[in-house]
Amino acid sequence: MIYKQFQDLSLSALGLGAMRLPADKDDNSKINEEETAKMIACAMEHGINYYDTAWGYHDGNSETVIGRILGRYPRDRYYLATKFPGYDLSNMDKAETIFEQQLKKCGTAYFDFYLFHNVCEMNIDAYLSPEYGILDYLIKQKENGRIRHLGFSAHGSLEVMKRFLDAYGSHMEFGQIQLNWIDWTFQNAKEKAELLNKYHVPVWVMEPLRGGKLASISEQAFQKLHALRPDEDAAAWSFRFLQGIEGVTMILSGMSDMEQLQKNIQTFETENSLNRQEQDTLLAVAGDMIKNILPCTACRYCTSHCPKELDIPSLLKLYNEHCFTGGGFIAPMALMAVPQEKQPSACIGCRSCEAVCPQQIKISEAMADFGTKLKAAPV
């Protein structure tokens, strides 16, 4: 197992994420504890010492199961991470209550790593508000030894991350972002990683395989990679890409079965980052995979002609994300911070924007389709 130095700690470069544990296929809340225990035993045996859970994973059961299983091991053999669930605004005034419950659920006296969860457009105002005092409370827990290291995770925009770091950056010891070779340009992951480096905040990686999507790319795409590294599968290529990114300290993978775990462990036995040719090839594959997204360049000609004053470039960016992912939570989450009169459904289809669009995007059709997709999304 490769290890990375973080302050005075030696962390396994691969961390086990507990969002996608083995579970009942019809009920994600029902974790297969026996299989999870076997996976953690294997992870421990092969040197994984970082375990990441959260309040909401597996409908609230992840912390309990992970805590119960890890409780069988000496406390100094592993590092446990969990998060304050600010993705739900109703939790903002409950920092103390939730934190105390998390300690009990995980059966521990302290958390090695604790995060502001999912900093984004929807919750940035509340996270920064002195009314809730979340930072003050968490700093107090750190002073009391119940949090060893404080950080944050973010699915929000680069601008939201900048705002959070400008306010709290001096207190943040690590930052967790969605980082992979698709999102390097698609979700501005390159700029987000550079921002963390600028603030001297070590990079924690989530979604290295984008929920498994990057482990099962098309045969045509994979053959381009196979020609350069015949002994590595698509998942390994994703991890090798990350091994070459400045500042990356922890790579979390939500492994759902023993086979995934064992393959990932094998990959992390060596550090073998991509060379320039390999990286260029991989990013070219990424370009092919997203070439059918709407080619908005954010020139903003459209916004000056929209009678509803919609932020069309931002909406198209979210639409592209939603279409590429096949749904997901990122777009609906971001839109929670957008007033109803500025939502995609507010488009009246007048096509004034299309008359000035240099890319000739059929914006009105995209807005209508976006609205339909959002209505069809599960609540």
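Here the structure is shown first, and the text comes after it.
Please read all numbers here as calculations on a predicted model, not as lab measurements. (Residues numbered from 1 in each chain as written. Predicted model: local features only at pLDDT ≥ 70, side-chain atom pairs only at ≥ 80, totals over all residues. Heavy atoms only, no water.)

(A) Structural context of the pattern of salt bridges. Applying the stated criterion to the full structure yields 26 salt bridges. Where Glu232 meets Arg229, a salt bridge forms, and the shortest distance between an N and an O atom there is 2.9 Å. Of the two residues examined, Glu232 and Arg229, each falls in the buried class. Across the pair Lys373 and Asp369 runs a salt bridge whose closest N-O atoms are separated by 2.5 Å. One end of the pair is Lys373 and the other is Asp369, both in helix α15 (residues 363-376) and four residues apart, which spans about a single turn. Judged by its relative accessible area of 26%, Asp369 falls in the partly exposed class. (Salt bridge = Lys/Arg side-chain N within 4 Å of Asp/Glu carboxyl O. Buried < 20%, exposed > 50% of the residue type's maximum accessible area, 1.4 Å probe, protein only. Helix = DSSP H or I, 4+ residues; strand = E, 2+ residues; numbered from the N terminus.)

(B) Expanded view of helix α12 (residues 276-289). If you check α12, its first and last C-alpha atoms are 20 Å apart, about what 14 residues at 1.5 Å a residue would give, namely 20 Å. Those residues of α12 not exposed but buried are Glu278, Thr281, Leu282, Val285 and Ala286. Down the axis of α12, the buried set is contained in an arc of 145°. They therefore lie on one face. Counted as exposed and oriented over 90 degrees from the buried face of α12: Arg276 and Gln277. Against α9 (219-226) and α10 (234-243) lie the buried residues of α12. At the N-terminal end of α12, a side-chain oxygen is found 3.1 Å from the backbone nitrogen of Gln277, two or three residues along, and the residue is Asn275. (Expected span 1.5 Å × (residues − 1). Arc of directions from axis to C-beta. Contact = heavy atoms within 4.5 Å. Polar contact = N/O pair within 3.5 Å; in protein donor to acceptor, adjacent residues only side chain to side chain.)

(C) Quick peek at the packing of helix α1 (residues 33-45) against helix α2 (residues 62-70). Interhelical geometry of α1 versus α2 gives an angle of 55° and a closest axis separation of 10 Å. Relative to α2, the element α1 is oriented oblique. Our pair here, α1 against α2, has a crossing hand that is right-handed. Listed contacts from α2 to Glu33, Thr36, Ala37, Ile40 and Met44 of α1 are Val65, Ile66, Arg68, Ile69 and Leu70. Here the contact of α1 with α2 is composed, by residue class, of seven nonpolar, one polar and two charged. (Axes fitted to C-alpha atoms, helices over the stretch in contact; angles between N-to-C directions. Parallel < 35°, antiparallel > 145°, perpendicular 65-115°, else oblique. Left-handed = near helix turned anticlockwise from the far one by under 90°. Nonpolar A, V, L, I, M, F, W, Y, C, P; charged D, E, K, R; others polar.)

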